[in-house]
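One-letter residues, chain by chain:
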Amino acid sequence: MNRLLVNYLASILKHGSLEIIDAKGRLHRFGDGSGTPVRARFTSAAAERAVMMNPELKLGETFMDGGFVVEQGSIYDLLAVVLQNTGGGGRSWWMRALYRLRVLTRRFRQWNTPFRARQNVAHHYDLDGRLYSLFLDSDQQYSCAYFETPDTTLEEAQVAKKRHLAAKLALAPGQKVLDIGSGWGGLGLYIANHADVDVTGVTLSEEQHKVSNARAATQNLADRARFLLQDYRSLKTRFDRIVSVGMFEHVGIAYYDEYFQKSRELLADDGVMVLHAIGRFDMPGETNSWIQKYIFPGGYIPALSEVFPAIEKAGLKVTDVEILRLHYAETLKAWRERFMARRDEAVALYDEAFCRMWEFYLAASETAFRFQDMMIFQIQIVRDQNALPLARDYIWRAEDALRLRDQAGHRPSLKIAGG
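This write-up is about the structure you can find in this document. (Residues numbered from 1 in each chain as written. Predicted model: local features only at pLDDT ≥ 70, side-chain atom pairs only at ≥ 80, totals over all residues. Heavy atoms only, no water.)

1. Focus on the pairing of strand β6 (residues 198–203)
Quick note on the threshold: Each residue gets one of three labels from its accessible area relative to the maximum for its type: buried under 20%, exposed over 50%, partly exposed in between, using a 1.4 Å probe on protein chains only. Counting from the N terminus, the helices are DSSP H or I runs at least four residues long and the strands are E runs at least two residues long. Here, a strand pair is defined by DSSP locating no fewer than two bridges between the strands. Here is how to tell: hold the view so the strands point away, follow the path from the first strand over the helix to the second, and if it runs clockwise the crossover is right-handed.
Most of β6 sits out of view: five of its six residues are buried. Relative to β6, strand β5 (residues 176–180) runs parallel, the two being bridged by five bridges. Following the sheet pairing, Leu178 is matched in β6 by Thr200. For the handedness criterion, the β-α-β arrangement of β5, helix α10 (residues 186–195) and β6 is classed as right-handed. Chirality of the crossover, the property in question, places the unit of β6, helix α11 (residues 206–218) and strand β7 (residues 225–229) among those that are right-handed.

2. A word on the sheet that holds strand β3 (residues 38–42)
To summarise the sheet geometry, strands pair through backbone hydrogen bonds and adopt either a parallel or an antiparallel arrangement. Rules: Inter-axis angles, ranging from 0 to 180 degrees, are taken between N-to-C directions of lines fitted to C-alpha atoms, where helices are fitted over the stretch in contact.
Across the sheet, which stays open at both edges, the four strands sit in the order β2-β1-β3-β4 with mixed pairing between neighbours. The open sheet is flanked by β2 (27–31) and β4 (68–72), the only strands paired with a single partner. Strand-to-strand twist across the sheet, computed as the mean angle between neighbouring axes with direction ignored, equals 25 degrees. Here four bridges tie strand β1 (residues 17–21) to β3, and the two strands are oriented parallel to one another. Across the sheet, residue Leu18 finds its bridge partner in β3, namely Val38.

3. Brief notes about the environment of Asn2
The criterion, for reference: In this analysis, two residues are considered to be in contact whenever any of their non-hydrogen atoms come within 4.5 Å of each other.
Here Asn2 shows up in the segment before α1 (3–12). According to the relative accessible area criterion, Asn2 is partly exposed, its value standing at 24%. Distance in space between the C-alpha atoms of Asn2 and Asp22 is 8.4 Å, their sequence separation being 20 residues. Those residues in contact with Asn2, other than ones at most four positions away along the chain, are Glu48, Arg49 and Met52.

4. Section: α1
Which entries qualify depends on this criterion: Relevant arc is that of directions from the helix axis to the C-beta atoms, nothing else.
Inspection of α1 places Leu5, Val6, Tyr8, Leu9 and Ile12 among the buried residues, and these make up the whole buried set. In a view along the axis of α1, the buried residues occupy a sector of 165 degrees, so they form one face of it.

5. Observations regarding the packing of helix α12 (residues 256–266) against helix α14 (residues 304–313)
What counts here: Note on terminology: angles under 35 degrees are roughly parallel, angles over 145 are roughly antiparallel, angles of 65 to 115 are roughly perpendicular, and the others are oblique. Here a crossing is called left-handed whenever its near helix is offset anticlockwise from the far helix by less than a right angle, and right-handed whenever the offset is clockwise.
Running from N to C, α12 and α14 point in directions that differ by 45 degrees, and their axes come no closer than 8 Å. Taken together, the axes of α12 and α14 are oblique relative to one another. Considering only the axes of α12 and α14, their crossing is right-handed. In this structure, α12 contributes Tyr256, Asp257 and Phe260 to the contact, and α14 contributes Glu306, Val307, Ala310, Ile311 and Lys313.

6. As for the packing of aromatic side chains
Spelled out, the test is: A pair of Phe, Tyr and Trp rings is counted when the ring centres sit within 6.5 Å of each other, with Trp represented by its six-membered ring. The angle between the planes then sorts it: under 30 degrees is stacked, over 60 is edge-to-face, the rest tilted. Both a distance and an angle decide whether a charge sits over a ring: NZ of Lys or CZ of Arg must be within 6 Å of the ring centre and within 35 degrees of the ring normal.
For the structure on display, the rule yields 24 aromatic pairs. With 5.1 Å between their ring centres and 70 degrees between their planes, Trp358 and Tyr361 make a pair best called edge-to-face. Placement of the pair is Trp358 and Tyr361 together in helix α17 (residues 352–371), with a separation of three residues, close to one helical turn. You'll find Trp358 and Tyr361 in the same group, each marked buried. Taken together, the aromatic side chains of Tyr132, Phe135, Tyr142, Trp184, Tyr328, Trp335, Phe339, Tyr350, Phe354, Trp358, Tyr361 and Phe369 make up a single cluster linked through ring pairs. Between the NZ or CZ atom of Lys176 and the centre of the ring of Phe239, over which it lies, the distance is 5.6 Å. Geometry around Tyr76 places Arg336 over its ring, the cationic atom sitting 3.9 Å from the centre.

In structure tokens form, the structure reads like this:
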């Protein structure tokens, strides 16, 4: 195996047990031998060189094309061994140089004009809907769930996420609610069903747009929940409440000012907005190159230090911040396990290379949240600080009321937030 790669792995892997078989059939062992051994094999010298020079991009690519094969354990197990030792650091000097170059040029890859934004969304969200049904919950929630206890199931945790967000919105009957990046409509329909409000969702995905409106009709909610195939930037109507879940990651650093300025324009004077998005604990950086190329083109995960200045510049006020630390790791674990249990069905929909790509995506994402500096933030934002009750316990009261209604399994007509 490439001597540089051997030396590099030996220098960073101090714990665990990783075995690599090189293209010539030679076995190399790394770590202290603890834990269950993970064994992988390079099928060509070219794959070895590629991974050595640019592991962020090439490890995933060689896994997809068969140049790198995990023979004992899984790709998740391999990534876990590496990242538990490095936490995402441990880059060699040329890896650091590549990363710095990517940071310096990141705005070019995040040039998310309305046309580019629609293309980027279609790349990921307009895949065959049956693919997402293989691993998501029954409500098609494709964002971080909220695990209230260690025993909470994925289904329960996704309901808890919707309940938690709805409580933070301080909803009241008759309000107009905007859901920016409304997905398959689950959150918007939950809010419309539980709070007697009027919901408008916007998405750039044709598949999600079609499914969302069909679900609203099926649930007899079309009179107060509609979903538009439209960029949020083209909206003109003002709303009492705005919620956005899992969409901000697609905005791009150059568009943060525009995003919050438009949000302020759309938010009523006494309105409340809740933003739920992926963030990083550490300093500003750049999107993993493999994720950006194959999964989320144009995407970027910000540090909070990049988000708050744009909120302040727009003249908005932050009234609450919550960090969800390992909730997404647990969500991704559930998705990965469900996907792998039905992997044969995914192969039938696409092909083996696509499934290896999806397997790597779910494994890499889970390990990023479990071992690296990734998290979820929920930021509550207002124009007027008098828009919300003085004490924060209105959130818990609303959440408890919603929990009772979820358990009852029927649509209530009560106000769900304290005033």
